[in-house]
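Fold and contact review
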Amino acid sequence: MTTTGNNGVAASKTNTQPLWLLAEVTYRCPLHCAFCYNPTDYDKHTQNELTTEQWIQALRDARKMGALQLGISGGEPLLRDDIEDIVREARQLGYYSNLITSGVGLTEKRIQEFKEGGLDHIQLSMHDITEEINNFITNTKTFELKKKVAAMIKGHGYPMVLNVVIHRYNIGHIKEILEMAEALGADYVELANTQYYGWSLINRSQLMPTKEQIDHAEMITNEFRQKVGNKMKIFFVVPDYFSDRPKKCMNGWGEVFMIVTANGDVLPCHSARVLPGMAFPNVREHGLEWAWKESPAFNKYRGDDWMKEPCRSCPEKEKDLGGCRCQAFLLSGDAESADPVCTLSPNHHLIEKAIEDAKNPQLQAQPIVFRNDKNSRRIAAGEAPELVKEFHALP
Amino acid sequence: MTTSVNPADIYSLARHYRFQWEEAQQCYVLLFPEGMIKLNGGAGEVIKRVDGNKTVADIVTELQQAFPDATDIEADILAMLQLALEKAWLEKRN
Ligand code: SF4
Ligand code: SF4
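Overview of the structure. Owing to the predicted nature of the structure, the values given are computational and were not obtained by experimental measurement.

Here we take up the sheet that holds strand β8 (residues 257-260) of chain A. Residues and elements named next belong to chain A. Pairing within the open sheet is mixed, and its 9 strands lie in the order β7-β6-β5-β4-β3-β2-β1-β8-β9. The sheet terminates laterally at β7 (233-237) and β9 (266-267), the two strands that pair on one side only. Inspection of the sheet shows strand β4 (residues 121-126) paired to strand β5 (residues 160-166) by 5 bridges, in the parallel sense. Looking across to β5, one finds that M126 is bridged to V164. Most of the contacts of helix α5 (residues 143-155) go to β4, to which it runs at about 160 degrees, and overall it touches β4 and β5.

Following this line, the structure appears as structure tokens:
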């Protein structure tokens, strides 16, 4: 339990430790995925990226606070040429480090240096067994490249972690995707059903599968799991829109996750910047320790003192902590309300409507808004009201 | 899949797993892709000795010598190793 001071801005009131540090080192990306969870106005943050020294300082500070797992992500992290330095520092500090990549930019030379520097594993995103869908959903020709990169990762003795974001366009291919993963020698496969934030929220009606498709995909996954056993670990991340209780988002606000973004903002979750009236700390001004322990932003939704009904008196509140603040805000306009995924939420009809909308052929057929600089610039400049009208606070 | 742990077995940590002491948490941890486990005192002492050379019997003897006041730890050690094996933290070497 935490205690809150006046106005929710209390002095240091946490004894939690940021066990996971996610370094979103750049928002630049050669791919244009329709489901990208990066902020829709990311274009604003591509000019003022942290320097190598600033990243190394952040790594040191977080490690001192107990951070252990480091994810190096983006955008496409390999667009920076200093990942080798970051990796080396991470190993020396005792992190278990993970490069999260689309594969674009991974060369023999670089992977060799990562290995020598002590990078622990590489997570590669794959999209489908067909070239057509891979290229469609990422809006790039990257299919062959991804297979080559998978072989390279394996060849260097890395555990191969494949991440496949699941949506309407590939959910019918789960079995084939798992077979491909097995053939590539994957050690871990994450079938991550699309969560609707950022770009995927804009494209929700075009991406969302039906409940029947998800149930079927889960069944196939379970069968495959039986077959491969421990050789290949398969995670099936259930989409929250189709459950009756929300997820415990990020395992609790400011409980174990800390994210440092390309421009140095320190966030408790990927999409927290959509929340209104929040001033997030930045490593250019504050140390990570202050950000985690003292900053008003990290304390705002820590614990459960901020809750209103029905969460406040809910017997299940410690289980999910009221769900996701960003989802509550994006869908209902009220960041302190129960996550609309919850059937006890007065806003649950918004989820039901989204599911209905995704069955509407007219909405399904709307053109996908791909994640790219031009679209991002238009959204950031408020020039694309047709893209954002349905949701609160996009970007 | 689940075989049971025998005294003559030799184990090492599974490939890609890392075991280390954490000053900030004051415990041993096991790190692997997508996850980590904090090991309590006893479990940490067991896993620390899993090195690809010692047999399970060696580990038991060593721990009995290191903690002479603890009674009946053999069953606990075997249970711990069994759990670790089922979770695929360990690989059998012999
Ligand atoms: S989801 Fe796609 S577009 Fe977004 S950062 Fe990842 S690879 Fe780039
Ligand atoms: S009412 Fe709130 S606390 Fe209770 S289950 Fe729903 S979201 Fe969770």
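Moving on: the nonpolar core. L21(A), L106(A), F114(A), I153(A), L191(A), M232(A) and Y241(A) are the most contacted members of the largest nonpolar core, which has 114 residues in total. The element contributing the most residues to this core is helix α6 (residues 174-184) of chain A, with 6 residues. Beyond its immediate chain neighbours, meaning those up to four positions away, L106(A) contacts L78(A), I111(A), F114(A), I122(A), V149(A), M152(A) and I153(A). With 26 residues, the next largest nonpolar core counts Y188(A), L30(B), I73(B) and L81(B) among its residues.

Turning our eyes to something else, we now look at the pattern of salt bridges. The tally for this structure, following the rule as stated, stands at 33 salt bridges over all chains. A salt bridge links D43(A) to R377(A); its shortest N-O distance comes to 3.0 Å. Note that D43(A) is positioned in the loop between β1 (20-24) and α1 (52-64) and R377(A) in helix α16 (residues 373-380), a separation of 334 residues in sequence. We classify R377(A) as partly exposed; its relative accessible area is 48%. With a closest N to O distance of 3.6 Å, E45(B) and K48(B) form a salt bridge. Of this pair, E45(B) and K48(B) both sit in helix α1 (residues 41-48), 3 residues apart, roughly one helical turn. What makes K48(B) partly exposed here is its relative accessible area of 38%. Beyond isolated ion pairs, a larger network of salt bridges with shared partners links E45(B), K48(B), R49(B), D51(B), K54(B) and E62(B).

The next point concerns the environment of A67(A). Residues and elements named next belong to chain A. Here A67 is to be found in the loop between α1 and β2 (69-73). Here A67 falls in the buried class, since its relative accessible area comes to 0%. Sequence-wise, A67 and V283 are 216 residues apart; in three dimensions their C-alpha atoms are separated by 16 Å. Dropping the residues within four chain positions of it, A67 is found in contact with P18, L19, L21, A62 and Y95.

What follows concerns the site of ligand 2. Surrounding ligand 2, one finds R245(A), P246(A), P310(A), C311(A), C314(A), K317(A), D320(A), G322(A), C342(A) and L344(A). For the shell around ligand 2, the per-class residue count stands at 6 nonpolar, 1 polar and 3 charged.

Criteria and cut-off values
Residues numbered from 1 in each chain as written. Chains lettered and ligands numbered in written order. Predicted model: local features only at pLDDT ≥ 70, side-chain atom pairs only at ≥ 80, totals over all residues. Heavy atoms only, no water. Pairing = 2+ DSSP bridges. Helix = DSSP H or I, 4+ residues; strand = E, 2+ residues; numbered from the N terminus. Contact = heavy atoms within 4.5 Å. Axes fitted to C-alpha atoms, helices over the stretch in contact; angles between N-to-C directions. Core = buried A, V, L, I, M, F, W, Y, C linked by side-chain atoms within 4.5 Å. Buried < 20%, exposed > 50% of the residue type's maximum accessible area, 1.4 Å probe, protein only. Salt bridge = Lys/Arg side-chain N within 4 Å of Asp/Glu carboxyl O. Near = heavy atom within 4 Å. Nonpolar A, V, L, I, M, F, W, Y, C, P; charged D, E, K, R; others polar.

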